[in-house]
Amino acid sequence: MFIWKYIDIPQDDIEKIQQEFLDRLPNNGLFFQNIKINTTHILGLRIAVTVLIQMPPMSGSDNYNIHSDYGSPDRSPLAINIPLQNCAESITKFWKASKPAEIRQTPEGTPYRYINVKDCEQISELKFIKPFIFDTSIPHNVVNPQNVWRRGISLRFLDNPSHLIK
Ligand SMILES: [Fe+2]
């Protein structure tokens, strides 16, 4: 089963997207929100959704933010995440759930599947030191063990990026 993998993206492409997000950083602490940018492609893939993921200082260590993304039936569940601010010390964890998830919504109205940590067993984790591709349908969460906000970029695609996980 594919869970996640680090990937190489040309540094110019990374910096262009990072700059677009930095130019549009919202003045809020929402965990998940859509940010509209001008870049339309990366690695030859048409970008469908561009998301900013924010974690407050010293947050997530209780693993009470485990979820899988609701996704869309006509889109691959594969996402590419790109570091934005203070990501290298943050950890993304992956879990296997023993109970069905509960559908919840972000403040913006995006549905997601919440799973209580007591019904989960950890199966993998990564340090967010560089871009990675992962399956958003596998329960996951972020831990930020630092005194600063951690901000990351998450991209979803119109084209299936499955060739990148082989
Ligand atoms: Fe997610």
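This one's a predicted model, so the numbers in the text were calculated from it and none came from an experiment.

A count of helical and extended segments in the protein gives one helix and 13 strands. For the protein, the succession of helices and strands along the chain, N to C, is β-α-β-β-β-β-β-β-β-β-β-β-β-β. For the protein, the C-alpha radius of gyration of 15 Å lies close to 15 Å, the compact-globule estimate for 166 residues. Projected onto its principal axes, the C-alpha positions of the protein cover 40 × 35 × 30 Å. Within the protein, the proportion of its 166 residues that are buried is 27%. Once local pairs closer than 6 in sequence are excluded, the contacts in the protein between residues at least 24 apart make up 82%.

With that out of the way, let us pick up the environment of H140. Structurally, H140 can be placed in strand β12 (residues 140-143). For the pair H140 and I66, spaced 74 residues apart in the sequence, the C-alpha separation amounts to 5.2 Å. Residues within four places of H140 in sequence aside, it is in contact with I66, S68, T92, K93, F94 and W95.

Here we come to unusual backbone geometry. Despite not being glycine, L43 shows a phi value in the positive range, around 50°. With respect to the helices, strands and loops of the structure, L43 is situated in the loop between β3 (41-42) and β4 (45-55). A positive phi is found at N86, a non-glycine position, where the angle reads about 55°. Residue N86 is classed as partly exposed on the basis of its 18 C-beta neighbours within 10 Å.

Attention now goes to the pairing of β4. Here three bridges tie strand β2 (residues 32-34) to β4, and the two strands are oriented antiparallel to one another. Bridge assignment links Q33 to a residue of β4, and that residue is L52. Between β3 and β4, which pair antiparallel one after the other, the connecting turn spans two residues, and L43 there sits at a positive phi close to 50°. The pairing of β4 with strand β13 (residues 150-157) spans eight bridges and is classified as antiparallel. Residue pairing for β13: M55 is matched across the bridge by R150.

Sheet topology places strand β5 (residues 67-69) next to strand β9 (residues 111-114); three bridges connect them, and they run antiparallel. Residue H67 lies in a different strand from β9, and its bridge partner there is Y114. As defined by bridge partners, strand β8 (residues 102-105) adjoins β9 across four bridges and the pair is classed as antiparallel. Looking at β9, one finds that E102 is bridged to Y114. What sits between the antiparallel neighbours β8 and β9 is a turn of five residues, in which G109 has the positive phi angle 95°.

Another point: the environment of S76. Positionally, S76 belongs in the loop between β5 and β6 (78-85). For the pair S76 and L155, spaced 79 residues apart in sequence, the C-alpha to C-alpha distance is 11 Å. Residues contacting S76, with those up to four places away along its chain left out, are F157, N160, P161 and S162.

This part takes up the environment of E89. Positionally, E89 belongs in the loop between β6 and β7 (91-97). Sequence separation between E89 and R150 is 61 residues; the distance between their C-alpha atoms is 8.9 Å. In this structure, E89 is in contact with P145 and Q146, ignoring residues within four places of it in sequence.

Definitions and cut-offs
Residues numbered from 1 in each chain as written. Predicted model: local features only at pLDDT ≥ 70, side-chain atom pairs only at ≥ 80, totals over all residues. Helix = DSSP H or I, 4+ residues; strand = E, 2+ residues; numbered from the N terminus. Rg over C-alpha atoms; globule rule 2.2 N^0.38 Å. Buried ≥ 20, exposed ≤ 12 C-beta atoms within 10 Å, placed from the backbone. Contact = placed C-beta atoms within 7 Å. Pairing = 2+ DSSP bridges.

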